[in-house]
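A structural walkthrough
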Amino acid sequence: MDPYDAYTDKQLFEFLAETRKQRDMEQLLKEIIKRYEKPLATKLRLTIPYDEDLIDRIVNDVFIDVWRKRRKLASVESPRAWLLKVLSFKMSDAIQKMKGREEYVDFTTSDYLEIPENHPDFDEERYEGMVQKIQRAVANMPVQRRVAFTMRVFDGLSIAGIARLRNLNEQTVKNHVGLVKQQLRKMFRKGRKEGCK
Amino acid sequence: MYNPTNIKKIIRRGLDGKMTAQDAAILKSARMIYEENELLEMEMDVLEEMAAEGPMDVLGQQNIDARAIIREERKQYICQLLTGGMRVCAGIAAVWLIAWAAWAVNDWWSERTVPSAYEKLVVAGSRIPSSEFACTVYWGNSITAVGKESSGRLGRFGDKELRRRDNGELELVQLPSQFAISAGHQPDIRVVTGAQQQCAVWLPDGSLIRLDAGSSLSFPMEKRGTPNTEISVAGRALIRVREHADQHPRTVLLHTPNGSLATQEGEFTVLASRTDTRVVLLDGRVEGQFPIDEGHRILTNMGDQVTYDRCCTDAQGNINMTLSEVTRTDPWQAVAWTTRERNYRNVPLRAFVQEMNRTYNLGVKSVNCIPEEKTITASIHFKDPVDKIYGYIRKAGLIMYESNGMISFCGPEFDPGRIRYPVGIDDSLDLMDVLHGRDLLAAVLSNQDEKRH
């Protein structure tokens, strides 16, 4: 059995950042590759099904990045999300390099996961209804939280920007926004259950 | 609706390309409730599920080798280092090149824009335009006549090329060493100006020599083992030597028929004939060495002048040589010959005739017969014909006698073979005892001629 099987993703990243033993580092990288090679390749295969070599190259590049940045991996909060972000960057790089070639197909416009509003039949009315629902739910929350959430989500301000404007600590703003989101999730889950009843 | 399971289903449909319009609206609004990382984690969960259940045989086993990744990263790192190093080197080279170019442009610009002492002294409008310059360049058996219309490359002398700049000045350019002729003695390059000609020559070291009419410049082809530039000048010239940025300062040595002048940075005029040398400093510092005891002089201020005169032979056959102390003079007078219009107001007639003799090559034998006290007032344009000069000289009361293309102010020449004994003088007497003065002899000759006819 692999000694790192029991490690969580976060632990794997932290250990890779801290260890100085080449053998351990290799083992950790091997474990990360084992866990994520297939999901990452799956995503690529769904997006660019026509170029197997390109897929291999992009996945390789992701893990090369992991190895190169191994000393900073301890600060990564969500390794899985981070890997997907790296994959996205590597895909963009690959597209830039592929541009001008015949086989290049711009798949970014059909990637509705990243930009849902690109969907040709995007239901604007339904979306507006959902937003209003969220706004109504937020309206009943404490002022500090409500303001922080509104500024962050609806006005698109950064956490640092809100902290500066509201004269608050950044962590406090983060907490306010996080709590609102948590409450909203609870509310909508509860609402669904009530709806089911 | 915003249940993680539901969101994952939407993500799955999105990955499969089956996302509906409603899904898109829910996913977009879900971003208000979930953090980006949370949505990405959900996506990763979906991808893991798909990878696990998928019939993609190619994904059945691990393809990527961790060691290969490490090797590849190392390779990329080294490539980056090399590329970075090359960029740094290229950057340093570019900076060096730019600095060098800036220095060269600055040097070139200052050479052309920072006015020299002469340029401050004589405004451009009153100078003889350099487009009028003409001269003849000799090198060994080759003769290159440079006229007003000459332009561009005029000739190549060994490893030096003669060009005429657009402004009319000549330029001796040092060619690369492969043009050098190693065998045999290399003759000097001689630049000679004739009557009513002037010429300016830039030497390879950046020095500028401007020659007046009837002057010559000799520039040696061979390096004589020193980094110094050695040139010879006869006649009248304006010399400008700029200081070099070299680590070791270079000296320009100027030889005249009587003595030599040395400068590292200086601007001065020199009037050098067979018998005398006069130097007037315009700028910088010039050291002169003349063939006389204590013959060293240093000129440091504008208008400093020194004159060396080798004149006359005394009864014992000794040559009299005099070297003045450093005196002050009007520097403008020293460069008046470079102007379009020369105005002479009550100047000694001897000096005027000497000057015109140099400019127009009149062929004056000697000015000793011109009375010293006579003066002249005249205005001469650099394009005036020689007849105008003759007119001025006659107007000043001088009678010119021409013989064999030479002009004398000492009366008609006589041929000793034609001397006849005057009437009434015994043939046995020595004529030298009875004849006194040239006029008397001329009268005797004319008398005899009359008698014979």
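As a convention, each chain's residues are numbered from 1 in the sequence order in which they are written. Chains carry letters and ligands carry numbers; both start at the beginning, A for chains and 1 for ligands, and go up in the order they are written. The model is predicted, so local features are restricted to residues of pLDDT at least 70 and side-chain atom pairs to those at 80 or more, both for listing and for counting; the totals for chains, interfaces and linings are taken over all residues.

What chain A contains, in helices and strands, is eight helices and zero strands. Starting at the N terminus, helices and strands are each numbered in turn, a helix being any DSSP run of H or I of at least four residues and a strand any DSSP run of E of at least two. Traced from its N-terminal end to its C-terminal end, chain A shows the element sequence α-α-α-α-α-α-α-α. With C-beta atoms placed from the backbone, a residue is labelled by how many other C-beta atoms lie within 10 Å of its own: buried for 20 or more, exposed for 12 or fewer, partly exposed between the two. Split into buried and exposed, the 197 residues of chain A put 31% on the buried side. Contact between residues is assigned whenever the C-beta positions, reconstructed from backbone atoms, fall within 7 Å. Of the contacts formed within chain A by residues at least 6 apart in sequence, a portion of 55% connects residues at least 24 apart.

A few words on the overall build of chain B. Of regular secondary structure, chain B possesses 10 helices and 23 strands. Counting the 453 residues in chain B, one finds 28% classified as buried.

With phi around 60°, N167 of chain A is a residue other than glycine that occupies positive phi space. In this structure, N167 of chain A sits in the loop between α7 (159–166) and α8 (170–196). At N361 of chain B, a residue that is not glycine, the phi angle is positive and equals roughly 50°. The partly exposed category is assigned to N361 of chain B, around which 15 C-beta atoms lie within 10 Å.

As a further point, take the pairing of strand β2 (residues 142–146) of chain B. Residues and elements named next belong to chain B. By this definition, two strands are paired if DSSP reports at least two bridges between them. Summarising the sheet, strand β1 (residues 135–139) and β2 pair through five bridges and their orientation is antiparallel. Across the sheet, the residue bridging to W139 is S142, located in β2. Between β1 and β2, which pair antiparallel one after the other, the connecting turn spans two residues, and G140 there sits at a positive phi close to 60°.

Once that is clear, we can look at the interface of chain A and chain B. Taken residue by residue, the interface counts 45 residues in chain A and 39 residues in chain B. Those elements that provide at least two residues to the side of chain A that touches chain B are α2 (22–47), α3 (52–68), α4 (79–98), α5 (124–139) and α8 of chain A. Top element by residues in the side of chain A that touches chain B is α2 of chain A. It accounts for 13 residues. Here the residues of the side of chain A that touches chain B are counted per class, giving 22 nonpolar, four polar and 19 charged. Charged residues are taken to be Asp, Glu, Lys and Arg, nonpolar residues to be Ala, Val, Leu, Ile, Met, Phe, Trp, Tyr, Cys and Pro, and polar residues to be all remaining types, Gly included.

Our focus in this paragraph is the nonpolar core. A set of buried Ala, Val, Leu, Ile, Met, Phe, Trp, Tyr and Cys residues, joined to one another through C-beta atoms within 7 Å, is what we call a nonpolar core. Formed by 64 residues in total, the largest nonpolar core has its most connected members in L29, L40, V59, V62 and F63 of chain A. In this structure V62 of chain A touches L40, L83, V86, L87 and K90 of chain A, once residues within four positions along its chain are discounted. Core analysis: the second largest hydrophobic core is formed by 45 residues, Y118, I189, V191 and V306 of chain B among them.

Residue and element names in this part refer to chain A. Here the axes come from fitting lines to C-alpha atoms, over the contacting stretch only for helices, and the angles between their N-to-C directions go from 0 to 180 degrees. One can describe the packing of α2 onto α3 by two numbers: an axis separation of 10 Å at closest approach and a directional angle of 145°. Note that α2 runs across α3; the crossing there is right-handed. Contact with α2, carried on its side by L29, I32, I33, E37, L40, A41, L44 and R45, involves I55, I58, V59, V62, F63, V66 and W67 of α3 and no other residues of that element. Partitioned by chemical class, the residues of the contact of α2 with α3 number 13 nonpolar, no polar and two charged. By definition, any crossing whose near helix is turned counterclockwise from its far helix by less than a right angle is left-handed, and any crossing with a clockwise turn is right-handed.

Now for helix α8 (residues 386–395) of chain B. Residue and element names in this part refer to chain B. Every buried residue of α8 is listed here: I389, Y392 and I393. Each buried residue of α8 lies within a common arc of 95° when the element is viewed along its axis, so the set occupies one face. Turned more than 90 degrees away from the buried face of α8, the exposed residues are D387, R394 and K395. Against the buried residues of α8 lie α7 (349–360) and β21 (375–381). Directly after α8, the chain includes G397, whose backbone phi takes a positive value near 100°. Here the arc refers to the set of directions running from the helix axis out to each C-beta atom.

Residue and element names in this part refer to chain B. Among the 13 residues of strand β10 (residues 229–241), 11 are classified as buried, and the element is accordingly described as predominantly covered. Of the pairings in the sheet, the one linking strand β8 (residues 208–211) to β10 comprises four bridges and is antiparallel in character. Along β10, the bridge assignment pairs I209 with I239. Two elements, strand β9 (residues 216–219) and β10, share three bridges in a ladder whose sense is antiparallel.

We now examine the packing of α3 of chain A against α4 of chain A. Residues and elements named next belong to chain A. For the pair α3 and α4, interaxial distance at closest approach is 9 Å and the crossing angle is 130°. Here α3 is positioned oblique relative to α4, judged by the angle of their axes. Helix-helix and strand crossings are classified by hand; for α3 and α4 the assignment is right-handed. Touching L54, R57, I58, D61, V62 and D65 of α3 are L83, V86, L87, K90, M91 and A94, all from α4. Of the residues that constitute the contact of α3 with α4, the class distribution is eight nonpolar, no polar and four charged. For this classification, under 35 degrees means roughly parallel, over 145 means roughly antiparallel, 65 to 115 means roughly perpendicular, and everything else is oblique.

Moving on to the environment of R274 of chain B. Residue placement: R274 of chain B occurs in the loop between β13 (266–272) and β14 (276–284). Overall, the presence of 10 C-beta atoms within 10 Å leaves R274 of chain B in the exposed class.

Another point: the environment of V86 of chain A. All names here are of chain A. With respect to the helices, strands and loops of the structure, V86 is situated in helix α4. What makes V86 partly exposed here is the crowd of 18 C-beta atoms within 10 Å. Sequence separation between V86 and D65 is 21 residues; the distance between their C-alpha atoms is 8.0 Å. Excluding its chain neighbours within four sequence positions, the residues that come into contact with V86 are V62 and D65.

Our next topic: the environment of L299 of chain B. Residue and element names in this part refer to chain B. Residue placement: L299 occurs in strand β16 (residues 296–299). Between the C-alpha atoms of L299 and V326, which are 27 residues apart in sequence, the distance is 7.0 Å. Apart from the residues within four sequence positions on either side, L299 is in contact with F268, V279, L281, R285, V286, D304, V306 and V326.

Another point: the confidence of the model for chain A. Note that predicted coordinates carrying low pLDDT should not be read in detail. Per-residue confidence from the predictor is reported as pLDDT, which spans 0 to 100. Mean pLDDT over chain A works out to 83, with 88% of the residues at or above the 70 mark. The weakest mean pLDDT in chain A belongs to α8 of chain A at 79; the strongest belongs to α7 of chain A at 91.

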